[in-house]
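Given next are the chains, with one letter for each unit.
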Amino acid sequence: MENEAEKRWGFEVKKELNRAREAEVAALRYASVSLMESVDKNDPRPVIPLGHGDPAAFPCFRTAAVAEDAIVDSVRSSMFNCYAPMFGLPLARRAVAEYLNRDLPYKLSADDIYITLGCMEAVEIILTVITRLGAANILLPRPGWPFYESFAKRNHIEVRHFDLLPERGWEVDLEAVEALADENTAAIVIINPCNPCGNVLTYQHLQKIAETARKLGILVIADEVYGHLAFGSTPYIPMGVFGSIVPVITLGSISKRWIVPGWRFGWLATNDPNGVLQKSGIVGSIKACLGVRSGPSTLIQGAVPQILEKTDEEYFSKIIGLLRETADICYDKIKEIPCITRPNKPEGSMFIMVKLNLSLLEGINSDMEFAVQLAKEESVIVLPANTVIPKPIQWKDVNLPEEWILEGAAPPAIPKQLEPNTELQNVTQYSDVHKKST
């Protein structure tokens with residue numbers, strides 16, 4: 001019999017490729033793992049996980065009773081135990097179209113909606129479509145959600161970054177966008193309300209983005225997973241409003257507005273009244289990509305029409321009120337901390353972006369070191385903005401060196417023994433141990 005040590009198998013992982021992947025994963029997970037491991041296990045105080053990106057983990061955030069009832073009804077109806085069609089159940093597609101049409105100057109049909117396994121799959125689908133365009137590049141915001149870059153690189157798409165400008169309320173640097181784009185640029189990604197900056201873009205600025213994209217001949221990928229979660233002075237406007245100016249691919253889900261990220265129901269919508277995406281082959285490519293995946297549970301799809309149609313404004317107002325209250329508390333408390341600068345008060349999503357002044361701290365040389373010490377001394381978890389997937393609280397030095405910018409991350413697993421404390425009003429979140437003496 002052949003020696004097992006010398007036997008060659010056709011399924012062996014190529015070591016050089018595996019090493020590259022391991023290095024990437026290690027870098028992506030380093031921050032989250034380090035922070036959780038830094039917590040003093042002997043500290044009797046509960047961990048305050050401000051780096052926890054799932055609002056459903058906190059008892060003050062619960063989905064609408066209508067949504068819960070819709071799931072029960074879907075199960076008991078016995079109508080949704082089957083496989084779903086390739087693009088989603090027709091009733092779910094119609095329901096999403098009607099939901100989005102409330103805010104649009106034109107009407108989407110069910111044929112414009114493609115049901116996905118959460119918004120993350122919608123991202124993967126549209127980036128896979130872009131790979132079929134050849135030597136394409138894509139414009140991504142900085143700061144932004146790092147999974148776009150991770151997915152793009154996995155699909156061999158060149159990434160070019162444009163800055164969001166804190167001095168302008170995190171608006172897009174449109175001059176930089178025009179300078180970055182060339183004949184191979186396929187799309188620009190706009191996240192609104194913004195993860196991780198916490199801003200909401202104005203109607204006027206969104207229109208300028210649409211006009212710039214049209215001038216450059218590129219489509220807009222509008223990530224609106226935090227759609228309608230706006231609690232400041234700027235109202236939420238969907239990018240699809242400008243679909244007559246430029247083709248818009250809208251990515252969304254019920255995860256955030258209904259506080260159900262684990263239900264994994266999302267969508268990809270083509271906002272294109274002029275038919276450009278159909279003529280260019282983008283729609284056909286989307287359909288082809290959707291033919292090789294499983295999609296969300298039919299039980300969830302069957303419940304969606306009731307969820308979208310019957311959830312009342314009282315529920316949404318309660319969620320917005322909670323977000324506004326917690327954002328105000330966070331912002332006001334941060335003003336009391338000398339080493340932190342607040343470029344802008346958050347107006348939307350579930351995030352705030354601030355700047356750490358390292359010159360006022362002893363023994364702290366980076367935002368990562370600050371986060372580690374905070375976890376160790378106060379059992380408070382915050383995440384540096386350039387390290388892992390952005391979370392509700394980010395500590396960001398806008399001028400961090402390039403080596404701190406990582407490419408994406410998986411959300412950290414929270415150990416079971418570390419229970420979240422939601423009574424943030426009663427917690428002192430700042431220690432002056434590292435404050436330099438004057």
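Residues numbered from 1 in each chain as written. Predicted model: local features only at pLDDT ≥ 70, side-chain atom pairs only at ≥ 80, totals over all residues. Heavy atoms only, no water.

As annotated in an unreviewed UniProt entry, the protein chain carries the name Aminotransferase class I/classII large domain-containing protein and is attributed to Citrus clementina. The UniProt entry for the protein chain carries the following comment under Cofactor (unreviewed entry): "pyridoxal 5'-phosphate". (UniProt positions renumbered as here; feature names shortened; annotations may be inferred.)

Q: Explain the confidence of the model for the protein chain residue by residue, including any values.
A: A residue-level look at the protein chain finds 81% of positions with pLDDT of 70 or above and a mean pLDDT of 84. Of the regions scoring below 50 in pLDDT, residues 20–28 engages in ten contacts with residues more than four places distant in sequence or in other chains. Every residue in residues 387–433 is under pLDDT 50, and counting partners more than four places away or in other chains gives 133 contacts. (pLDDT = per-residue confidence, 0-100. Contact = heavy atoms within 4.5 Å.)

Q: Break down the UniProt feature "modified residue: N6-(pyridoxal phosphate)lysine" (unreviewed entry) in the protein chain for me, citing the residues and quoting the values.
A: As annotated by UniProt and renumbered to match this structure, "modified residue: N6-(pyridoxal phosphate)lysine" (unreviewed entry) occupies K256. Among the structural elements, K256 can be located in the loop between β8 (248–253) and β9 (266–271). For K256, a relative accessible area of 12% gives the class buried. (Helix = DSSP H or I, 4+ residues; strand = E, 2+ residues; numbered from the N terminus. Buried < 20%, exposed > 50% of the residue type's maximum accessible area, 1.4 Å probe, protein only.)

Q: Before we move on, can you summarise the sheet that holds strand β2 (residues 113–116) with the specific residues and values?
A: The strand order β2-β9-β8-β7-β6-β3-β4-β5 describes an open sheet built from eight strands, whose pairing is mixed. Sheet topology places β2 and β5 (171–172) at the edges, where each strand pairs with a single neighbour. Of the pairings in the sheet, the one linking strand β7 (residues 219–223) to β8 comprises four bridges and is parallel in character. Note that in β8 the partner of D223 across the bridge is L251. This element, helix α9 (residues 282–290), spans β2, β8 and β9 of the sheet and lies at about 25° to β2. (Pairing = 2+ DSSP bridges. Axes fitted to C-alpha atoms, helices over the stretch in contact; angles between N-to-C directions.)

Q: Talk me through the state of the cysteines; I want residue IDs and the actual numbers.
A: The final tally for this structure, using the stated rule, is zero disulfides. Cysteine C194 is unpaired, with the sulfur of C197 as its nearest cysteine sulfur at 3.9 Å. On the accessibility criterion, C194 (3% relative accessible area) is buried. (Disulfide = S-S within 2.5 Å.)

Q: Which residues make up the pairing of β9, and what are the values?
A: Burial of β9 is extensive: six of the six residues sit out of reach of the surface. Where burial is concerned, the two faces of β9 agree: the one with G266, L268 and T270 and the one with W267, A269 and N271 are both buried. Both β2 and β9 contribute to a ladder of four bridges, which runs antiparallel. Residue pairing in the sheet places Y114 in a bridge with L268 of β9. One ladder, built from six bridges, connects β8 with β9; its direction is antiparallel. Pairing of G252 across the sheet is with W267, part of β9.

Q: Explain the pairing of β7 to me, using residue names and the numbers behind them.
A: Counting buried positions along β7 yields five of five residues, so the element is predominantly enclosed. The alternating pattern of β7 places L219, I221 and D223 and V220 and A222 on opposite faces, both of which are buried. In the classification by handedness, the crossover that spans strand β6 (residues 185–191), the intervening helix α7 (residues 203–216) and the parallel β7 is right-handed. (Right-handed = clockwise from strand over helix to strand, strands pointing away.)

Q: Quick one: what's the story with the packing of aromatic side chains, residue by residue and with numbers?
A: Across all of its chains, the model carries eleven aromatic pairs by this definition. Judged by centre distance (5.7 Å) and plane angle (55°), the ring pair of F147 and F151 falls under tilted. Of this pair, F147 and F151 both sit in helix α5 (residues 147–154), four residues apart, roughly one helical turn. We note that F147, like F151, is buried. The rings of Y99, W258, F265, W267, Y315 and F316 are connected pair by pair, giving a single aromatic cluster. Between R93 and the ring centre of Y114, over which it is positioned, the NZ or CZ distance is 5.3 Å. When the ring centre of W258 is taken as reference, the NZ or CZ atom of R257 above it lies at 5.7 Å. (Phe/Tyr/Trp six-rings, centres within 6.5 Å; stacked < 30°, edge-to-face > 60°. Lys NZ or Arg CZ within 6 Å of the ring centre and 35° of its normal.)

Q: Account for the packing of helix α4 (residues 118–131) against α9, naming residues and giving values.
A: At a closest axis distance of 9 Å, the pairing of α4 and α9 adopts a crossing angle of 120°. In this view, α4 runs oblique relative to α9, as classed from their interaxial angle. Two packed elements cross with a definite hand, and for α4 against α9 that hand is right-handed. Seen from α4, the contacting residues are I125, T128 and V129; seen from α9, they are I282, S285, I286, C289 and L290. For the contact of α4 with α9, a count of residues per class yields six nonpolar, two polar and no charged. (Parallel < 35°, antiparallel > 145°, perpendicular 65-115°, else oblique. Left-handed = near helix turned anticlockwise from the far one by under 90°. Nonpolar A, V, L, I, M, F, W, Y, C, P; charged D, E, K, R; others polar.)

Q: Pulling in residues and values, what's your account of the packing of helix α2 (residues 65–77) against helix α10 (residues 298–310)?
A: One can describe the packing of α2 onto α10 by two numbers: an axis separation of 8 Å at closest approach and a directional angle of 140°. On the basis of their axis angle, the class for α2 and α10 is oblique. For α2 against α10, the interelement crossing comes out right-handed. In contact with V66, A67, D69, A70, I71, D73, S74 and V75 of α2, α10 contributes T298, L299, I300, G302, A303, Q306, I307 and K310.

Q: Before we move on, can you summarise the pattern of salt bridges with the specific residues and values?
A: Counted according to the given criterion, the structure contains twelve salt bridges. In this structure, E378 and R45 form a salt bridge, with 3.1 Å as the shortest nitrogen-oxygen distance. You can see E378 sitting in helix α12 (residues 367–378) and its partner R45 sitting in the loop between α1 (15–38) and β1 (48–49), a full 333 residues away along the chain. (Salt bridge = Lys/Arg side-chain N within 4 Å of Asp/Glu carboxyl O.)

Q: Before we move on, could you go through the nonpolar core and cite the residues and values that matter?
A: Judged by nonpolar contacts, the single largest core of 106 residues is most densely connected at L127, I138, L251 and W258. Of all the elements, α4 adds the most residues to this core, at eight residues. I334, V354, L361 and M368 belong to the second largest nonpolar core, which has 27 residues in total. (Core = buried A, V, L, I, M, F, W, Y, C linked by side-chain atoms within 4.5 Å.)

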